[in-house]
Amino acid sequence: MMHAALLFSLLGLAAAGSPKPAKQTKVLFPYEKTVLTPSSIRSFPSLSFGDVSKPVHSKPKCRAFPGTSDWPSATEWSKFGNFLNGSLLRPEPAQAACYPGPLQNQTRCQWLVTQAGQTHFWLDEPLTTLTEWPQGSTCVLSANATGECERGGWPEYVVNVTSVRDVQAAVNFARNKNLRVVIKNTGHDFGGRSMGAGSLSIWVHNLKTFEYLPSFTMGKYTGPAAHVGAGIESFELFNHMFKSNISLVGPGWGTVGAVGGWVSVAGHGTLTSKYGLGADQVLSINVVTADGQFLTVDPFNHEDLWFALRGGGGSTWGVITSVVVKAYPPINTVTIPLNFGNIGFPSNSTDGTYPLPIRVATGQPPPNTNFMNNKPDQFWEGVKISYHYCLKVQELGGYCFSYIFPLGNNSFAFTSNQIIPNITASEAIAALQPLYTQLNALSIPVSLPSSGQILPTLYAGNGQRTGSSNPANTRYRSRLFPRKNLVDPALWNKTFAAIRSGVEEGGLVFHGWGYAPTCKKAGYPGCENSAVHPAWRETVLPAALMEVIPARWTAAQAKANDEHTYKYTDVFKQLTSGAGSYMNEGDPAEKNWQDSFFGVNYKKLLKIKGKRDPWGLFWAQTTVGSEEWRVATADGYPAGQNGRLCRV
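From a predicted model like this one, the values you see are computed outputs, not experimental measurements.

Engineer: Could you clarify how one ought to interpret the overall build of the chain in this entry?
Structural biologist: Each helix and strand in the chain was counted, giving 18 helices and 19 strands. Projected onto its principal axes, the C-alpha positions of the chain cover 80 × 65 × 45 Å. A total of 648 residues make up the chain; the buried ones form 60% of that total. Sequence-distant contacts, at least 24 apart, represent 77% of the contacts inside the chain between residues at least 6 apart. For the chain, the exposed area adds up to about 24,600 Å²; of that, 53% sits on carbon and sulfur atoms. When the 54 positive and 43 negative side-chain charges of the chain are each reduced to one mean point, those points stand 5 Å apart.

This is the structure we're talking about:
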């Protein structure tokens, strides 16, 4: 059998020098061959296709809402459900098991509270998203729940997609009946874009088909590829990599969807410094657009959508059903953890527990954190050196996944994993030794593991990965710190002072993803005709200030907290003019979000939105064209989704 690396090399020869672009026939999964036809909807005009060539004369002030005169009747919903052959759901919130009423079940409630998050339950639940606060806190999961469980910002109906036909029918029904539409896979959504009161949710979670393509041609690329269904999660993608003996650029967190919103915004992961962003990998996209048509989009077909779907935002252009992406040879990675902290006085952290006022999905700092006593200046200087040294890690194609935790009582912890592909243990140690030498000079008690303690592991894993996630109230506010902010000494001093202030004074967690997704690393199609914010190509430290929003906060409390956090994020912006933000881990109430999330591409994207979706059917907060609408929440909760969607 030919060695895998040699085979990949031979297959990829044409990628560097194909003289003539070659068009590629559609690659479809079986579920994509079941489509809506005009003949199948003759007796159901509510499912008729749209026509983007005709002007839209009817522009209702608001989307239909339960209880309004334009909301579909029970008979219409029933007819729609029958047409979908059981795919239309009207699920009750799982959390209702904890509330007084006919659905109360204390045994189930206790399981949901204590054990469901250790399983795949919440990923398979059609309503819940893993960030809860946009829902309106009308049915918070609690073992001691009181009052009523109300639907709030959760969708009214859900289409459990099993075919392209289901997607087309849902899109057409929603457009013709003036319904709000949301799109959901796993619910990994920090901005409330996968939920909406009174909406019809198009749930692509169960489109989990995968196919390895040993040779695929698209334009200047000829080489191995993979065809990935829209419902596949990262841990499933990695298991497919193992079985196919390949590597793919995928999300780092195991239950993040590997298609949809991840590639549509940018998408980052372990291999971002080596091969670029998720959006850079895409060779072909199958998508249902706002008029109900099913299209295959690539560099030579529907070029406007090809531009928009790679970096122009999720939940905006259509419902993606699958993508074809570039594949690479098997890769080994070396991970070297770095953990240290400072204990202030007085402190209650010396007993090995970590009193985190801010809980994040990663939990507490690792138990082997190397703590110093009352040496804050050394601690912060060590963190500063570590972030700057990540530039050398990036040169090796690696990245640094880090957090700075405020622990209370003037105590802090820093944790960072340096992950480097295709390197031996001894080479990794040699590469990082200067960093540890600098840290030891500051009396920071850290030491490199020996080469015998470091074992290069297969990036794809062992083929037996699993996934679990628990709902939380995490709020991100991100910034793409450019290279100049780290290499200019004076600017780096100011930048790091702002980072320190956000943690030390603001009480916020700083989360950094140290990588460099340049156009050179991205290859083809990469940066060609891509809507990815140009700031991505200059960043070496995409990062965010994080916090957890308490359940049941009032609108006034939420607004006051926003103002507190903006004191720190506004300084980030002042120091990084034009640098932008990552929308998937950004602020859903971002000021000047058009520039932050899309930059110079926004005007072009807005024109494409008007052409491809003149009805404004696909709407989500801070997406292209979303400024024409707003969610009218009853209490004015900022960026909440518990209200009717109306035109501004």
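On we go from here.
Engineer: Would you mind showing me how to read the sheet that holds strand β2 (residues 157-160) here?
Structural biologist: Hydrogen bonds along the backbone pair up the strands of a sheet, which may run parallel or antiparallel. Read across the open sheet, the four strands follow the order β1-β2-β4-β3; overall the sheet is mixed. In this open sheet, the two strands that pair with only one neighbour each are β1 (88-89) and β3 (180-184). Bridging between β2 and strand β4 (residues 199-203) involves four bridges; their strand directions are parallel. Within β4, the residue paired with V159 across the bridge is I202.

Engineer: How do you make sense of the side chain of R479 when you look at a structure like this?
Structural biologist: You can see R479 is positioned in strand β15 (residues 474-482). One buried charged residue, R479, forms no salt bridge at all, with the nearest opposite charge on E590 at 4.6 Å. In this structure the side chain of R479 is engaged in a polar contact, spanning 2.8 Å, whose partner is the side chain of T576. Leaving out residues up to four positions away in the same chain, R479 has contacts with L541, P542, A543, F572, K573, T576, G578, A579, G580, S581 and S596.

Engineer: Mind showing me how you'd approach the packing of helix α11 (residues 376-395) against helix α12 (residues 425-441) here?
Structural biologist: A pair of packed helices is captured by two measures, namely the crossing angle of their axes and the spacing between those axes. α12 packs onto α11 with a crossing angle of 170 degrees between their chain directions and a minimal axis gap of 10 Å. Comparing the axis directions of α11 and α12 gives the class roughly antiparallel. Seen along the crossing, α11 lies across α12 with a hand that is right-handed. Residues G382, I385, S386, Y389 and V393 of α11 lie in contact with α12, whose contacting residues are A431, L432, P434, L435, Q438 and L439. Classifying every residue of the contact of α11 with α12 gives eight nonpolar, three polar and no charged.

Engineer: Even after reading the chapter, I still don't get the state of the cysteines, so can you show me in this structure?
Structural biologist: Think of a disulfide as a covalent bridge from one cysteine sulfur atom to another cysteine sulfur atom. If you walk through the whole model with that rule in mind, you get five disulfides. Residue C98 pairs covalently with C109 via a disulfide, S to S 2.0 Å. Handedness here is read from the sign of the S-S torsion; for C98 and C109, about 105 degrees, the answer is right-handed. Of this pair, C98 sits in the loop between β1 and α4 (106-114) while C109 sits in helix α4, placing them 11 residues apart in sequence. With respect to class, C98 is no different from C109; both count as buried. Once the disulfide-bonded cysteines of the chain are ranked by sequence position, their pairing pattern turns out to be 1-10, 2-3, 4-5, 6-7, 8-9.

Engineer: Explain the pattern of salt bridges here, please?
Structural biologist: If the charged atoms of two oppositely charged side chains come close together, the side chains can form a pair. The final tally for this structure, using the stated rule, is 21 salt bridges. Its salt-bridge partner being D570, residue K591 comes within 3.2 Å of it at the nearest N-O pair. Here K591, found in the loop between α16 (555-575) and α17 (593-598), pairs with D570, found in helix α16; they are 21 residues apart in sequence, far enough to count as distant. D570 sits in the partly exposed class, given a relative accessible area of 23%. D613 is the partner of K609 in a salt bridge, and the nearest nitrogen-oxygen pair spans 2.8 Å. Side by side, K609 and D613 carry an identical accessibility label, which is buried. Through salt bridges with shared partners, a single network forms among R475, R477, E547, D562 and D587.

Engineer: Whenever I open this one, the environment of A460 confuses me. Can you help?
Structural biologist: Relative to the elements of secondary structure, A460 occurs in the loop between β14 (457-458) and β15. A relative accessible area of 3% places A460 in the buried class. Between the C-alpha atoms of A460 and S244, which are 216 residues apart in sequence, the distance is 9.8 Å. Beyond its immediate stretch of four places on either side in the chain, A460 contacts F238, M241, F242, I246 and R465.

Engineer: Even after reading the chapter, I still don't get the side chain of R310, so can you show me in this structure?
Structural biologist: You can see R310 is positioned in the loop between α10 (303-309) and β9 (319-326). Here R310 sits buried without a salt bridge, and the closest side chain of opposite charge, D280, lies 5.3 Å off (N-O distance). Residues within four places of R310 in sequence aside, it is in contact with V263, S264, A279, V282, I285, P525, G526, E528, N529, S530, A531 and V532.

Engineer: Can you help me understand the pairing of strand β13 (residues 411-421) in this one?
Structural biologist: Each regular strand carries side chains that alternate between the two faces of the sheet. Burial within β13 is extensive, with 10 of its 11 residues counted as buried. In this structure, strand β10 (residues 332-343) lies alongside β13, joined through 10 bridges in antiparallel fashion. In the strand pairing of β13, T335 is matched with I419. Sheet topology places strand β12 (residues 399-408) next to β13; nine bridges connect them, and they run antiparallel. Across the sheet, F401 pairs through a bridge with N417, a residue of β13. Hairpin connection from β12 to β13: two residues lie between these consecutive antiparallel strands, with N409 at a positive phi of about 55 degrees.

Engineer: Can you walk me through unusual backbone geometry in this structure?
Structural biologist: For the bond from Y524 to P525, the omega torsion is 0 degrees, close enough to zero to count as cis. Within the fold, P525 resides in the loop between α15 (519-522) and β17 (539-548). Unusually for a residue other than glycine, R552 sits at a positive phi of about 65 degrees. Relative to the helices and strands, R552 resides in the loop between β17 and α16. Given the relative accessible area of 47%, R552 is considered partly exposed. A positive phi is found at N592, a non-glycine position, where the angle reads about 55 degrees.

Engineer: Can you walk me through helix α3 (residues 74-83) in this structure?
Structural biologist: Note on helix geometry: an α-helix contains 3.6 residues per turn, so any two residues three or four positions apart are oriented the same way. Along α3, the residues that are buried comprise W77, F80, G81 and F83. Viewed along the axis of α3, the buried residues span an arc of 160 degrees, placing them on a single side of the element. Turned more than 90 degrees off the buried face of α3, the exposed positions are A74, T75 and N82. Those residues of α3 that are buried lie in contact with β1, β2, α6 (164-176) and β4.

Engineer: Sorry, what's going on with the UniProt feature "domain: FAD-binding PCMH-type" (unreviewed entry) in the chain here?
Structural biologist: When the UniProt feature table is mapped onto this chain numbering, "domain: FAD-binding PCMH-type" (unreviewed entry) sits at residues 151-330. With 23% helix and 28% strand, the stretch residues 151-330 has end C-alpha atoms that lie 46 Å from each other.

Engineer: Please clarify how the sheet that holds strand β6 (residues 221-229) should be interpreted in this entry.
Structural biologist: Spatial ordering of the open sheet is given by β5-β6-β9-β7-β8, a layout of five strands whose pairing is antiparallel. Sheet topology places β5 (210-218) and β8 (294-297) at the edges, where each strand pairs with a single neighbour. Here the average twist between neighbouring strands, direction ignored, is 20 degrees. Bridge analysis of strand β7 (residues 282-288) against β9 gives six bridges, and the strand direction is antiparallel. Looking at the pairing, N286 lines up with S322 of β9.

What counts, and where the lines are drawn
- Residues numbered from 1 in each chain as written.
- Predicted model: local features only at pLDDT ≥ 70, side-chain atom pairs only at ≥ 80, totals over all residues.
- Heavy atoms only, no water.
- Helix = DSSP H or I, 4+ residues; strand = E, 2+ residues; numbered from the N terminus.
- Buried < 20%, exposed > 50% of the residue type's maximum accessible area, 1.4 Å probe, protein only.
- Contact = heavy atoms within 4.5 Å.
- Areas by Shrake-Rupley, 256 points an atom, 1.4 Å probe, with all protein chains shown as cover.
- Lys, Arg positive; Asp, Glu negative; His and termini not counted.
- Charge placed at Lys NZ, Arg CZ, Asp CG, Glu CD.
- Pairing = 2+ DSSP bridges.
- Salt bridge = Lys/Arg side-chain N within 4 Å of Asp/Glu carboxyl O.
- Polar contact = N/O pair within 3.5 Å; in protein donor to acceptor, adjacent residues only side chain to side chain.
- Axes fitted to C-alpha atoms, helices over the stretch in contact; angles between N-to-C directions.
- Parallel < 35°, antiparallel > 145°, perpendicular 65-115°, else oblique.
- Left-handed = near helix turned anticlockwise from the far one by under 90°.
- Nonpolar A, V, L, I, M, F, W, Y, C, P; charged D, E, K, R; others polar.
- Disulfide = S-S within 2.5 Å.
- Arc of directions from axis to C-beta.
- UniProt positions renumbered as here; feature names shortened; annotations may be inferred.

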